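Each chain, letter by letter, is given below.
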Amino acid sequence: MTYIRCILCLILCLCLCVSEASALVWPQMPTANESRLIFYIDSVNLVLDQLKGDQINSVFECYDSFASLGVTAVSDADSCEQVEVIVQMSRGSIDYLQLEVSDFSNFATLCAALTSVAAGDSANARNYLKEPEAYVKRVQKSPQTSFEDTVIYDRGDQARTYYTYEPDAYGDGRNCLIMTLIFPRDSAVNEGALHTPEPTRVPESELDGTDDEGDYTPYDEGIHFEVFVTPTPEPDSAAGDELFFW
């Protein structure tokens, strides 16, 4: 029994170590841009899990307008393992990202997850596999032939993807396949998912009708009647004399 308990404790410790090593470490007080990115990557990883692909599990750098992420092994979580995602952000949204890989085995699933979530169509993520799979086959067929799409960075109504291939891009023998993903202006990630409407301010009025604190009904263009409960003194009364000749 003691032996079994030791084995179970060892397995639990290993699971905890794996979980901590592969967990994404984000800024403790994220900005609006970083919050969008956190929500987006969490959604992408859910899709990658459904597609049986390797999840994005490392944050190399994360700033208000720029982030560098990757897929790393648990044993080497400080260095990019042939997969890097560079993200550009501004004005509380994600503008575009670049996925760069030198191991093409996970390229199509990463592209499908990243693109389907950006397009607000994660339920149909498998439909986004065909295009990147075709580019992987193109590279494998002619590994020494480079190509490069002309990227248009202006955001439109739909998500757009562009592809680039560079043999021995860094002079270290690695061939790099790159997808550039332009986010749509009305992306669910950017516009709706984390948007909290500002509370509507109800103006209050003071007794004199100004827009300050108080409980007086605002001026209504003179269409109301004011009723006074104190009777107006007669002109020929003593009160009237006092009223007119004070």
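Residues numbered from 1 in each chain as written. Predicted model: local features only at pLDDT ≥ 70, side-chain atom pairs only at ≥ 80, totals over all residues. Heavy atoms only, no water.

Caption draft 1: Structural context of the packing of aromatic side chains. Counted by the stated rule, this structure contains seven aromatic pairs. When the centroid spacing of 6.4 Å and the interplanar angle of 70 degrees are considered together, the rings of Phe104 and Tyr165 count as edge-to-face. With Phe104 in the loop between β4 (93–101) and α3 (107–118) and Tyr165 in strand β6 (residues 160–166), the pair connects residues that are 61 residues apart, well separated along the chain. Across this residue pair, the class does not change: Phe104 and Tyr165 are buried. Both rings, one in Tyr135 and one in Tyr163, keep their centres 4.0 Å apart while their planes meet at 15 degrees; by these two values the pair is stacked. Separated by 28 residues along the polypeptide, Tyr135 in helix α4 (residues 130–141) and Tyr163 in strand β6 bring together distant segments of the chain. (Phe/Tyr/Trp six-rings, centres within 6.5 Å; stacked < 30°, edge-to-face > 60°. Helix = DSSP H or I, 4+ residues; strand = E, 2+ residues; numbered from the N terminus. Buried < 20%, exposed > 50% of the residue type's maximum accessible area, 1.4 Å probe, protein only.)

Caption draft 2: Structural context of α3. Between its first and last C-alpha, α3 extends 17 Å over twelve residues, near the 16 Å set by a 1.5 Å rise per residue. The element α3 is largely enclosed, with a buried count of twelve among its twelve residues. For α3, every residue scored as buried is listed here: Phe107, Ala108, Thr109, Leu110, Cys111, Ala112, Ala113, Leu114, Thr115, Ser116, Val117 and Ala118. (Expected span 1.5 Å × (residues − 1).)

Caption draft 3: Fine view of the nonpolar core. Leu37, Tyr40, Ile56 and Leu99 are the most contacted members of the largest nonpolar core, which totals 45 residues. Looking at this core, the elements with two or more residues in it are α2 (32–50), β2 (66–70), β3 (83–90), β4, α3, α4, β6 and β7 (176–182). Looking at this core element by element, the count peaks at nine residues for α3. If sequence neighbours within four positions are ignored, Ile56 has contacts with Leu24, Ile41, Val44, Asn45, Leu48, Leu69, Gly70, Val71, Val85, Leu110 and Leu114. (Core = buried A, V, L, I, M, F, W, Y, C linked by side-chain atoms within 4.5 Å. Contact = heavy atoms within 4.5 Å.)

Caption draft 4: Expanded view of the environment of Gly53. With respect to the helices and strands, Gly53 occurs in the loop between α2 and β1 (58–62). Overall, the relative accessible area of 15% leaves Gly53 in the buried class. In the structure, Gly53 is positioned 55 residues away from Ala108 in sequence and 9.2 Å away in space, judged by C-alpha atoms. Discounting residues that sit within four places of it in the chain, Gly53 has contacts with Leu48, Asn106 and Thr109.

Caption draft 5: Seen up close, the pattern of salt bridges. Applying the stated rule across the entire model yields three salt bridges. Two residues, Asp157 and Arg185, come together in a salt bridge whose shortest N-O distance is 2.7 Å. Taken together, the residues Asp157 in the loop between β5 (147–148) and β6 and Arg185 in the loop between β7 and α5 (188–192) connect sequence positions 28 residues apart. The exposure class of Arg185 is partly exposed, given its relative accessible area of 43%. (Salt bridge = Lys/Arg side-chain N within 4 Å of Asp/Glu carboxyl O.)

Caption draft 6: Main features of the sheet that holds β1. Reading across from one edge, β1-β2-β3-β4-β7-β6-β5 is the order of the seven strands in this open sheet, with antiparallel pairing throughout. Lying at the two open borders of the sheet, with one neighbouring strand each, are β1 and β5. The pairing of β3 with β4 spans eight bridges and is classified as antiparallel. By the bridge assignment for β4, Val83 is matched with Val101. The strands touched by α2 within the sheet are β1, β2, β3, β4 and β7, with β4 carrying the most contacts at an inclination of about 50 degrees. (Pairing = 2+ DSSP bridges. Axes fitted to C-alpha atoms, helices over the stretch in contact; angles between N-to-C directions.)

Without other data, these values stay purely geometric and don't point to any function.
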